[in-house]
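# Reading the structure
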Amino acid sequence: MENKNLETLRHSCSHLLAAAIMELWPKTKLAIGPAIENGFYYDFDFSELPEKISETDFPKIEAKMEELKKKGLPFEKKTVSLSEAKDLFKDQPYKLELIEDLTKEGENEFSTYKIGDFLDLCAGPHVEKSTDIGAFKLLSIAGAYWRGTEKNKMLTRIYGTCFPIQKELDDYLNFLKEAEKRDHRQIGKDLDLYSVDEYVGPGLVLWHPKLSAVREQIELYWRSEHRKRGYQYVYTPHVGLGNLWKTSGHLQTFKEGLYPPMAMELKNKEEVGNYYIKPMSCPFHIRIYKSRPRSYRELPIRYCELGNVYRYEESGVLHGLLRVRGFTQDDAHIICREDQFEKEINDVLDFALEINAVFGFNKLNVYLSLRDQQEKEKYVGESEIWDKAEKILREILERRKVSYKEDVGGAKFYGPAIDLKAVDALGREWQGTTIQLDFNLPQRFGITYIGEDGKEHTPVMIHRTLLGSMERFVGTLIEQYGGAFPVWLAPMQAKIIPVSEKSADYAQIVASKLQKNDIRVELDDRNERMQAKIRDAEREKVPYMLIVGPKEAESASVSVRVRGEKDLGSMAFDDFLALIKEDIVKKRQI
């Protein structure tokens, strides 16, 4: 089914939900019920009801929806006047507020849809009759502020989904079950990987030792690969004066994403100015470049940084590691001549493909992110510069014969981009690599180089991240691997399990030898049965379990068990050491 038809189907199902709710609980106040990417929702105000509506009520609601659906009720559209609309919805305050807003926008006629006895304020479209709706399922319930504003009343949002046939619904519900198993928030809790502490602050991640070990390996690999490609590592401050962000354009076009300023005059009346905690690293990298005159012979210059940045997000959209307020960006900025940037962009694309493949993301969907011509106030720079940058990126993709989609409105405020979205084991897209071509900031900051002709020229700037934010990338990895990291990334690469206390000394010898070879190892010397220790190691998703007893001690060997209940049997210690080292070097998943 085409997306537009599926959207219509789901929108109609949201009306079916609301119709069922009104039959079951007539005192309910109605807000809005749109179709969304994977289903629909409807917001209700149940405050006048004596009981609380919860997910335990879903079977009753679904039964009522099915009863109404089977009646084959037509969706009847009717356009009414302002006075009629106010009379029809006189007992529905949220609908009256919407009518008032539409009136302010110049509307004097209002579209309504009726299904059975249920009437809603709605522009449509809808299916012809209720039996056209297909297979549906209510999924979850959540709180949602009216119009998304915390100052407004908290409503109850019921989410659902709908498909043309039952098989498609069943497939989607199975997908949701698998996604739930891989939810990085639950895995993070089960494996003690990270936490977000409201006492510290919403959206601020505390990396626990295990996940810190994972991050350390990613960062070591990241640094090594960048140095091989001629990048220079830099460090920049966490805050910068307002002038910096004014010149960059952040104060004009990114103010909603900035944390409130820190007024220095509150600390020292002689020091005038506001500091802002940094949302991006690019202005700092530009100032490093600008710290001395540059020659054309020095270009390209490639600065890279794992920089901590902070961006304000509404508390309602924060989501584990995937949507946070403070994060580490794998940032790089390439400053080059106009005759160099095409090669630089192609080199970054090659780098991105390689680094994504190392982490198991072999399928990448490519997007060309462009400005929205209808909202030019969101962007800095002249239209001619934007036209040029967009044309160049499109030509690069077409010369590489890369299949891509255009994402109108997806550009950053300073330039268009090529975005690579990794597709995980469940077929979901994750934002990762972005390569942005920028002719604007070099002009705004007045950066130049002395050309071969002895004159000043303005360079081109490429902003790029390969992994995106470390938090989101690691959250993605947790879900991609289901918490079972490949050996090179695993927080604990091997667990030594002695069969009894008599083997404790040999177990310690094995652990020490592995540690001296930089293997992350743990000795489980608890007073528990061996099988219980193995089950715990499986739950912890440790790649290798080494069972040692008198026989292994006598032959300097280990009995090797692989995560997933696979038994490799007895193996000389040196052979196992060679095996695990090869896993690490080749970055293999087991």
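Keep in mind that this is a model prediction, so the values were computed, not measured. (Residues numbered from 1 in each chain as written. Predicted model: local features only at pLDDT ≥ 70, side-chain atom pairs only at ≥ 80, totals over all residues. Heavy atoms only, no water.)

### Thoughts on the sheet that holds strand E20 (residues 429-438)
Reading across the sheet, the 8 strands line up as E11-E15-E16-E23-E20-E19-E17-E18 and stay open at both edges, with mixed pairing between neighbours. Taken across any chain shown, the strands that pair with only one partner, and hence form the sheet edges, are strand E11 (232-233) and strand E18 (405-408). Where E20 and strand E23 (residues 460-469) come together, 5 bridges link them in antiparallel fashion. Considered in E23, the bridge of Asp438 is made with Met461. The strands touched by helix H10 (residues 282-289) within the sheet are strand E15 (301-310), strand E16 (326-336) and E23, with E15 carrying the most contacts at an inclination of about 145°. (Pairing = 2+ DSSP bridges. Helix = DSSP H or I, 4+ residues; strand = E, 2+ residues; numbered from the N terminus. Contact = heavy atoms within 4.5 Å. Axes fitted to C-alpha atoms, helices over the stretch in contact; angles between N-to-C directions.)

### Notes on the packing of helix H15 (residues 504-516) against helix H18 (residues 573-585)
Taken N-terminus to C-terminus, the directions of H15 and H18 make an angle of 35°; their axes are 12 Å apart at the nearest point. The two elements H15 and H18 meet at a crossing, and its hand is right-handed. Note on element contacts: H18 touches H15 through Phe573, Phe576 and Leu577, opposite Val510, Lys513 and Leu514. The residue inventory of the contact of H15 with H18, partitioned by class, reads 5 nonpolar, no polar and 1 charged. (Left-handed = near helix turned anticlockwise from the far one by under 90°. Nonpolar A, V, L, I, M, F, W, Y, C, P; charged D, E, K, R; others polar.)

### Details of the pairing of strand E26 (residues 544-548)
In terms of burial, E26 is largely enclosed, as 5 of its 5 residues are buried. The side-chain alternation of E26 yields two buried faces, one formed by Tyr544, Leu546 and Val548 and the other by Met545 and Ile547. Here E26 pairs with strand E27 (residues 557-562) via 4 bridges, running antiparallel. Residue pairing for E27: Met545 is matched across the bridge by Arg561. (Buried < 20%, exposed > 50% of the residue type's maximum accessible area, 1.4 Å probe, protein only.)

### Some words on the nonpolar core
Counting residues in hydrophobic clusters, the biggest one holds 60 residues, and the most contacted among them are Leu211, Ile218, Ile345, Phe359, Ile418 and Leu437. Per-element tally for this core: the top contributor is helix H11 (residues 341-358), with 7 residues. Excluding its chain neighbours within four sequence positions, the residues that come into contact with Ile418 are Ile345, Leu349, Val366, Tyr367, Leu368, Leu393, Leu397, Thr433, Thr434 and Ile435. One finds Leu6, Ile133, Leu138 and Cys162 within the second-largest nonpolar core, a separate group that totals 34 residues. (Core = buried A, V, L, I, M, F, W, Y, C linked by side-chain atoms within 4.5 Å.)

### Description of the pairing of E16
Within E16, 11 of the 11 residues are buried, leaving the element largely enclosed by the surrounding structure. Side chains of E16 alternate between two faces, with Gly326, Thr328, Asp330, Ala332, Ile334 and Cys336 and Phe327, Gln329, Asp331, His333 and Ile335 buried alike. By the bridge criterion, 10 bridges tie E15 to E16 in an arrangement that is antiparallel. Pairing of Arg302 across the sheet is with Ile334, part of E16. Relative to E23, E16 runs antiparallel, the two being bridged by 7 bridges. Its bridge partner lying in E23, His333 is registered against His463.

### A look at the environment of Leu102
Within the secondary structure layout, Leu102 lies in helix H4 (residues 93-104). Residues Leu102 and Leu82, spaced 20 residues apart in sequence, show a C-alpha to C-alpha distance of 9.8 Å. Here Leu102 is in contact with Glu107 and Phe110, once residues within four sequence places are set aside.

### Considerations on the sheet that holds E26
If you trace the 5 strands from one edge of the open sheet to the other, you get E25-E24-E26-E27-E28, paired in mixed fashion. Each having just a single partner strand, strand E25 (521-523) and strand E28 (566-572) make up the two edges of the open sheet. Direction aside, neighbouring strands of the sheet carry axes that sit 25° apart on average. Bridge analysis of strand E24 (residues 494-498) against E26 gives 5 bridges, and the strand direction is parallel.

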